[in-house]
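A closer look at the structure
These are the residues of each chain, in order.
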Amino acid sequence: MTQLLGVALRGTGSCLPARVVPNEEFTDVLNLDTSDEWIRTRTGIRERRFAGLGETSASLGANAARNAIESAGLNPEDIDLIVCATVTPDLMCPATANLIQTALGCRPIPAFDIAAACSGFLYALSVGSQFIRTGAVRHALVIGAEVLTRIIDFTDRNSCILFGDGAGAVVLSGTQVVNTGVRKVRLYSDGARQELIQVPSRVTPVPPPGPPQVQRLEHMRISGREVFRFAVTRMVELIEQAEIDARELGLNGIEVLIPHQVNQRIIDAAIETSGFPADKVMVNLDRYGNTSAASVPIALDEALRTGRCKAGDTVLLVAFGGGLTWSSALVTL
Ligand SMILES: CC(C)(COP(=O)(O)OP(=O)(O)OC[C@H]1O[C@@H](n2cnc3c(N)ncnc32)[C@H](O)[C@@H]1OP(=O)(O)O)[C@@H](O)C(=O)NCCC(=O)NCCS
């Protein structure tokens, strides 16, 4: 049997829209019955970024990808595969990955999207890793890109305060060194709980269940309280399982936990229950809110650029969201 390759994390990049939207905008501009104090204390979010006119998942994703390719020391023509995770594609067809491929000037290579909501980036990371591990491709570009502000209901204070736009990307490369890079990925889903987070499309057959005011087909709908409970439970399980995986892989430990940036209270509850050290957790949701599939790669890129983690460290990436889906990845940098 052919020897499987290691999957090195060779570069990272991100792109955030320039427009900063502080909590006050929801009261002062949108006239919502909320407050900066409520949003900060119940979510940890102070501000988020909104895409400007002309900015899309593809344009933000292409900029994040350019930064990742540059940090990998490669050129767009070196890329053999593009996998883009998004629930806010520019178009249903072609895929956002195709638009990014063209924007970057890549060769004719496989390029496709993955929809696994806030777990999307880790699903895409798993797919990209497996293409590399088997030797099918040498360099894979994995992207999470979202413009959630195009699908949220700005009259629903329960959800619209939570989300922001942005994109993050990584370049994965095959290596003969097997004890580095993407070490272990775990993916899960439970479609039976699909109603907790929904983004209906133009081909949704009937309005989703829910009170009349949220039956608008074009908007995201969440059951925040139920998602909160699901997220804490799954995050605790993922951390505990990853600690076992890390021991079995002979790792010295996990230097940094990079969770999906959803709500500070969810992260706090999960690390308290699991006993994971709070000072090893990377959080930037105060500045960007929840950017769904983009949240983990944006935080990973920031952690590397700011020295929160360095070459040789093992980071644990954890995400959960619509589907329902939940996922983790142990990555040695
Ligand atoms: C949405 C979320 C912030 C709400 O926080 P919470 O502590 O669970 O709050 P609750 O839903 O229990 O609501 C408490 C009260 O605050 C109110 N409230 C909700 N949003 C509010 C806002 N923006 N401003 C002021 N009050 C608000 C509710 O109406 C409720 O009022 P009531 O007690 O009079 O009914 C939290 O549940 C969450 O982050 N959930 C996960 C989010 C999610 O689904 N993300 C997407 C997938 S990853």
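Report on the accompanying structure.

The rules we used
- Residues numbered from 1 in each chain as written.
- Predicted model: local features only at pLDDT ≥ 70, side-chain atom pairs only at ≥ 80, totals over all residues.
- Heavy atoms only, no water.
- Axes fitted to C-alpha atoms, helices over the stretch in contact; angles between N-to-C directions.
- Helix = DSSP H or I, 4+ residues; strand = E, 2+ residues; numbered from the N terminus.
- Parallel < 35°, antiparallel > 145°, perpendicular 65-115°, else oblique.
- Left-handed = near helix turned anticlockwise from the far one by under 90°.
- Contact = heavy atoms within 4.5 Å.
- Near = heavy atom within 4 Å.
- Polar contact = N/O pair within 3.5 Å; in protein donor to acceptor, adjacent residues only side chain to side chain.
- Areas by Shrake-Rupley, 256 points an atom, 1.4 Å probe, with all protein chains shown as cover.
- Nonpolar A, V, L, I, M, F, W, Y, C, P; charged D, E, K, R; others polar.
- Domains from an automatic or database assignment.

Once that is clear, we can look at the packing of helix α7 (residues 224–248) against helix α8 (residues 264–274). At a minimum axis distance of 9 Å, the contact between α7 and α8 shows a crossing angle of 40°. Accordingly, the angle class assigned to the pair α7 and α8 is oblique. Viewed along their axes, α7 and α8 form a crossing whose handedness is right-handed. Counting all contacts with α7, which are made through Phe228, Ala231, Val232, Met235, Val236, Ile239 and Glu240, the residues of α8 involved are Arg265, Ile266, Ile267, Ala269, Ala270, Ile271, Thr273 and Ser274.

Attention shifts here to the site of the ligand. Close to the ligand lie 23 residues; Thr34, Arg157, Gly224, Arg225 and Asn263 are nearest. Interatomic distance of 3.1 Å between a side-chain N/O atom of Arg42 and an oxygen atom of the ligand. Contact between the ligand and Arg225: an oxygen atom at 2.8 Å from a side-chain N or O atom of the residue. Relative to its unbound accessible surface of 960 Å², the ligand loses 78% to contact with the protein. For the shell around the ligand, the element with the most residues is α7, which contributes four residues. Looking at the shell around the ligand residue by residue, the class counts come to 11 nonpolar, seven polar and five charged. Looking at the shell around the ligand, you find at least three residues from each of domain 1 (6–178) and domain 2 (182–332).

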